[in-house]
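Structural features, examined
Chain residues, written in single-letter form:
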Amino acid sequence: MDIELQTKTNGNHGATYLSKEQVTAGNGDGAANRITDVGENDGLLSAQTSGCNGGTVASDHAVETQINLEKIYTPQETSAMCRIKGELNEVIFWRVKLWMAIIFLFFLIFAVIIISMILCSVIHEDKDEIFDPATFKVPQCFNGSFQLPNLVFTEELFTMSSNESQTLAGELKEKLADLYRSSPALGRYFSKADIYAFRNQSLMADYQLTFLMPADHQDQLRNVTLSREMVYNVFRQFLYDQEPDESGQMYIDPVSLKMFLNH
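The structure contained in this document is the topic of the report that follows.

**Some details on the overall build of the chain**
- The secondary structure content of the chain amounts to seven helices and 11 strands.
- Residues classed as buried in the chain amount to 25% of the 263 residues present.
- Nonlocal contacts in the chain, meaning residues at least 24 apart in sequence, comprise 54% of its contacts between residues at least 6 apart.
- As displayed, the chain offers around 18,800 Å² of accessible surface, 56% of which is attributable to carbon and sulfur atoms.

Below, the structure written as structure tokens:
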């Protein structure tokens, strides 16, 4: 068996390569086994395919990648992105670029908001809230009565020293004290509440409210803050806000409330 080396030319690319032909000895018409060496353009076959006119055609993978990119960004979008990027990189002062100035501005606004929130949360002292209870020595008293419709009058309630009277009076005094101490306007001036009598079959309770005020502003307090109208309206509003079922036996009839200034 003889091996013959021949030079071949690729018609499409014009490239040359060596071809080995194995010829079987015989009459000369034996089948030739060709072993072709790799040419210089064969390494590109995985990425390109020869065209009819000698040009190259992109592989399927490259074409697919390009199509995907075109789906993500249109030429107009790509152009706009490049223009924005160029504008952000423009130097506006010394070495300061536009994007640096924008970031600094955002941080500045954020810092101003935080500082404003901190300043707003600072508790400002109200001069009206600063007072010395030791200076409250001038009394202002109010007397009156109210009805307890959910209670049944008994003989023991006639005597204020009885256990039943003391218990009922203690509960009523606590109720009145809580009412006025929780008042923003009257709480600081309230001193005490007393129940000094129970009477009638409808169980009327006689009470007394004592307030203390400073001597410096007593005239103004008597006419406004500690006036009969103010003290009475606070009491009456409390009675209208109460729930009969929740108050039980301690329910006070708002209509029965009476009050007058004790001079």
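**Description of the environment of Gln166**
- For Gln166, the position within the fold is in helix α4 (residues 163-181).
- Of the residues examined, Gln166 reaches a relative accessible area of 46% and is grouped as partly exposed.
- Residues Gln166 and Ile195 lie 29 residues apart in sequence; the distance between their C-alpha atoms is 9.3 Å.
- If near-sequence neighbours (up to four positions away) are discounted, Gln166 is found in contact with Met160 and Ser161.
- Within the structure, the side chain of Gln166 is placed 2.5 Å from the backbone oxygen of Met160, a separation counted as a polar contact.

**Quick word on unusual backbone geometry**
- With a phi angle near 55°, Leu203 is a residue other than glycine that sits in the positive phi range.
- Its place among the elements puts Leu203 in the loop between β9 (190-199) and β10 (204-214).
- Looking at Leu203, the relative accessible area reads 0%, which means it is buried.

**Details of the sheet that holds β10**
- Judged by pairing direction, the sheet is antiparallel, and its four strands sit side by side in the order β9-β10-β8-β11 without closing on themselves. Edge positions in the sheet fall to β9 and β11 (258-262), since each of these pairs with one other strand and no more. Across the sheet, the mean angle separating the axes of adjacent strands is 20° when strand polarity is ignored.
- Here strand β8 (residues 136-147) runs beside β11; their pairing, made up of five bridges, is antiparallel. Paired with Cys141 across the two strands is Asn262, which belongs to β11.
- Against the sheet, α4 engages β8, β9, β10 and β11, with an angle of about 145° to β9.

**Some points on the pattern of salt bridges**
- With the rule as written, the count across this model stands at two salt bridges.
- Its salt-bridge partner being Asp194, residue Lys192 comes within 3.9 Å of it at the nearest N-O pair.
- For Lys192, a relative accessible area of 43% gives the class partly exposed.
- One salt bridge connects Arg199 with Asp206, and the closest N-O pair in it is separated by 3.0 Å.
- The partly exposed category is assigned to Arg199, whose relative accessible area is 32%.

**Here's the deal with a nonpolar patch on the surface**
- On the surface, Phe104, Leu105, Leu108, Ile109, Phe110, Val112, Ile113, Ile114, Met117 and Ile118 cluster together into a nonpolar patch covering about 990 Å² of accessible area.
- Structurally, Met117 is set in helix α3 (residues 98-121).

**So, helix α6 (residues 228-241)**
- The terminal C-alpha atoms of α6 lie 20 Å apart, and with 14 residues this matches the ideal 20 Å at 1.5 Å per residue to within 8%.
- When α6 is considered as a whole, its buried residues turn out to be Val231, Tyr232, Phe235 and Leu239. Down the axis of α6, the buried side of the element spans an arc of 95°, and every buried residue falls inside it. Set apart from the buried face of α6 by more than 90 degrees, the exposed residues are Tyr240 and Asp241.
- Residues of α6 that are buried make contact with β8, α4, β10 and β11.

**Things to note about the side chain of Gln208**
- With respect to the secondary-structure elements, Gln208 resides in strand β10.
- In terms of polar contacts, Gln208 uses its side chain to reach the side chain of Asn143, at 3.2 Å.
- Setting aside residues no more than four positions away along its own chain, Gln208 makes contact with Cys141, Phe142, Asn143, Lys192, Ala193, Asp194, Tyr196 and Asn262.

The rules behind these values
Residues numbered from 1 in each chain as written. Predicted model: local features only at pLDDT ≥ 70, side-chain atom pairs only at ≥ 80, totals over all residues. Heavy atoms only, no water. Helix = DSSP H or I, 4+ residues; strand = E, 2+ residues; numbered from the N terminus. Buried < 20%, exposed > 50% of the residue type's maximum accessible area, 1.4 Å probe, protein only. Contact = heavy atoms within 4.5 Å. Areas by Shrake-Rupley, 256 points an atom, 1.4 Å probe, with all protein chains shown as cover. Polar contact = N/O pair within 3.5 Å; in protein donor to acceptor, adjacent residues only side chain to side chain. Pairing = 2+ DSSP bridges. Axes fitted to C-alpha atoms, helices over the stretch in contact; angles between N-to-C directions. Salt bridge = Lys/Arg side-chain N within 4 Å of Asp/Glu carboxyl O. Patch = residues over 30% accessible without salt bridge, like charges linked within 9 Å, V, L, I, M, F, W, Y side chains within 5 Å. Expected span 1.5 Å × (residues − 1). Arc of directions from axis to C-beta.

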